[in-house]
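Tertiary structure, described
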Amino acid sequence: MKNAYIFPGQGSQFPGMARNLYLNDNGIKDLFEKANDILGFRITDIMFNGSDEDLKATRVTQPAIFLHSYALAKSDPDFKPDMVAGHSLGEFSALAAAGVMDFEDALRLVALRASEMQKCCEAVPGTMAAVIGLPTEKVEEICAGCEGTVIAANYNCDGQVVISGEVEAVKTACEAMKAAGAKRALPLAVSGAFHSPLMEPARAALGKAIEDTQFKTPYCPIYQNVSAKAESDPQTIKANLLAQLTSPVRWTQSVKEMLADGAGRFIELGPGNVLQGLVKRIAGAQGTEVVIEGRQ
């Protein structure tokens, strides 16, 4: 049975996250203090003592979740993945944990990604919405037929797709989804249209930073959001990581590919348990029994 380690993305943060790791492991404490220095502000203070609202700021959320996930991987003596994957931001955590990037380089990329995405959010208002209970093809068809920019952005599991785009276009799409029989089409409390063309202005800065960062061959294959395939070539990983900015997160497809490649145990490292639930649904829909665990 192969071990698949999975890393969560934005939205899984919570007040007090990673506090126990910091207090009980001197190595992790040193790592977090190094992160404070790199970021130029004490993100640990916000993680441990901040409110839900404080943690929602993109410039805080993304490095906080990365830090939490990476620390769990580094502090676990049994961390021996046969494969890894991360949802959106979690792909950076997966890459660092699998040895593709040094911790410092990965954190700098995450901080830059958060900053550039925040700029896009402020430049053009955008939003996202979760569509429950419609076939994927129908969601894509409705998005394609709406005026303005709206696309399927997160393929989370069978029957759950998140759409992303301009505010009015997403609103129109949600109404059409409900009319087509969706159980729900719920706007999400996010600050922008992630994984959509509205993130395009962030590509130049992030692309240069990724290109200037040394990527090594991972210890094990990483199933990337853009391709949903096992990747090991550093240049391919770089290209996919940049493309992820404006492309859908193919989580359903990635998990199915991992299952096909022998994954029998999924361990989520990071705040929350969202990915555990998604894996359970994806595997269950295929009639596949898997072991699912989480560590926070």
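Let us look at the structure shown here.

**Points about the overall build of the protein**
The secondary structure content of the protein amounts to 13 helices and ten strands. Against the 2.2 N^0.38 benchmark of 19 Å for 296 residues, the protein shows a C-alpha radius of gyration of 18 Å, consistent with a compact globule. Out of the 296 residues belonging to the protein, those deemed buried represent 56%. Counting only contacts in the protein whose residues sit at least 6 apart along the sequence, the fraction spanning at least 24 positions is 77%. When the accessible surface of the protein is split by element, carbon and sulfur atoms take 49% of a total near 12100 Å². Averaged over its 28 positive side-chain charges, the protein has a centre that lies 3 Å from the centre of its 35 negative ones.

**Topic: the layout of surface pockets**
What the largest pocket holds in volume is close to 790 Å³. Considering the residues around the largest pocket, the lining is formed by 32 residues, among which Gln 10, Gly 11, Ser 12, Leu 188 and Val 190 are closest to the centre. Of all elements in the fold, only helix H5 (58-75), helix H7 (103-123), strand S3 (126-132), strand S4 (150-157), strand S5 (160-166) and helix H13 (274-285) reach the threshold of two or more residues within the lining of the largest pocket. In the lining of the largest pocket, the residues fall into twelve nonpolar, 17 polar and three charged.

**Some details on the packing of helix H2 (residues 26-39) against H5**
At their nearest, the axes of H2 and H5 sit 11 Å apart, and the two run at 150° to each other. Taken as axis vectors, H2 and H5 run roughly antiparallel relative to one another. Crossing hand, H2 versus H5: right-handed. Contacts between H2 and H5 involve Ile 28, Leu 31, Phe 32, Ala 35 and Leu 39 from the first element and Pro 63, Leu 67, Tyr 70, Ala 71 and Ser 75 from the second. Of the residues in the contact of H2 with H5, the class split is nine nonpolar, one polar and no charged.

**Digging into the pairing of S4**
The buried count for S4 comes to seven of eight residues, which makes it a mostly enclosed element. Summarising the sheet, S4 and S5 pair through six bridges and their orientation is antiparallel. Residue pairing for S5: Asn 154 is matched across the bridge by Val 162. Linkage of S4 to S5, two consecutive antiparallel strands, is achieved through a turn of two residues, within which Gly 159 is found at a positive phi near 90°.

**Regarding the nonpolar core**
With 64 residues, the main nonpolar core has Phe 32, Met 47 and Phe 66 as its most contacted residues. Looking at this core, the element that brings in the most residues is H5, giving nine residues. Val 139, Tyr 155, Ala 173 and Cys 174 belong to the second-largest nonpolar core, a separate cluster that totals 19 residues.

**What to know about the packing of H5 against helix H6 (residues 90-97)**
Two elements in contact, H5 and H6, have axes whose closest approach is 9 Å; the angle formed by their N-to-C orientations is 30°. With respect to H6, the element H5 is oriented roughly parallel. Pair H5 / H6 crosses with right-handed handedness. Residues Phe 66, Ser 69, Tyr 70 and Ala 73 of H5 touch H6, and the partners they reach there are Phe 92, Ser 93, Ala 96 and Ala 97.

**Here's the deal with the packing of aromatic side chains**
Within a pair of aromatic rings, the relevant descriptors are the distance that separates the centres and the angle that separates the planes. Per the stated rule, a full pass over the model turns up six aromatic pairs. Ring centres 4.7 Å apart and planes at 70° place the aromatic pair Tyr 5 and Phe 79 in the edge-to-face group. Of this pair, Tyr 5 sits in strand S1 (residues 2-7) while Phe 79 sits in the loop between H5 and strand S2 (83-86), placing them 74 residues apart in sequence. Taking relative accessible area as the criterion, Tyr 5 reaches 1% and is therefore assigned buried. The exposure class of Phe 79 is buried, given its relative accessible area of 14%. Of the aromatic side chains, those joined through ring pairs into one cluster are Tyr 22, Phe 32 and Phe 48.

Rules used throughout
- Residues numbered from 1 in each chain as written.
- Predicted model: local features only at pLDDT ≥ 70, side-chain atom pairs only at ≥ 80, totals over all residues.
- Heavy atoms only, no water.
- Helix = DSSP H or I, 4+ residues; strand = E, 2+ residues; numbered from the N terminus.
- Rg over C-alpha atoms; globule rule 2.2 N^0.38 Å.
- Buried < 20%, exposed > 50% of the residue type's maximum accessible area, 1.4 Å probe, protein only.
- Contact = heavy atoms within 4.5 Å.
- Areas by Shrake-Rupley, 256 points an atom, 1.4 Å probe, with all protein chains shown as cover.
- Lys, Arg positive; Asp, Glu negative; His and termini not counted.
- Charge placed at Lys NZ, Arg CZ, Asp CG, Glu CD.
- 1 Å grid on protein atoms, 1.4 Å probe; cavity = no way out; pocket = protein on both sides within 12 Å on 5 of 7 lines; lining within 4 Å.
- Points joined across faces, edges and corners; volume = space filled by probe spheres on them.
- Nonpolar A, V, L, I, M, F, W, Y, C, P; charged D, E, K, R; others polar.
- Axes fitted to C-alpha atoms, helices over the stretch in contact; angles between N-to-C directions.
- Parallel < 35°, antiparallel > 145°, perpendicular 65-115°, else oblique.
- Left-handed = near helix turned anticlockwise from the far one by under 90°.
- Pairing = 2+ DSSP bridges.
- Core = buried A, V, L, I, M, F, W, Y, C linked by side-chain atoms within 4.5 Å.
- Phe/Tyr/Trp six-rings, centres within 6.5 Å; stacked < 30°, edge-to-face > 60°.

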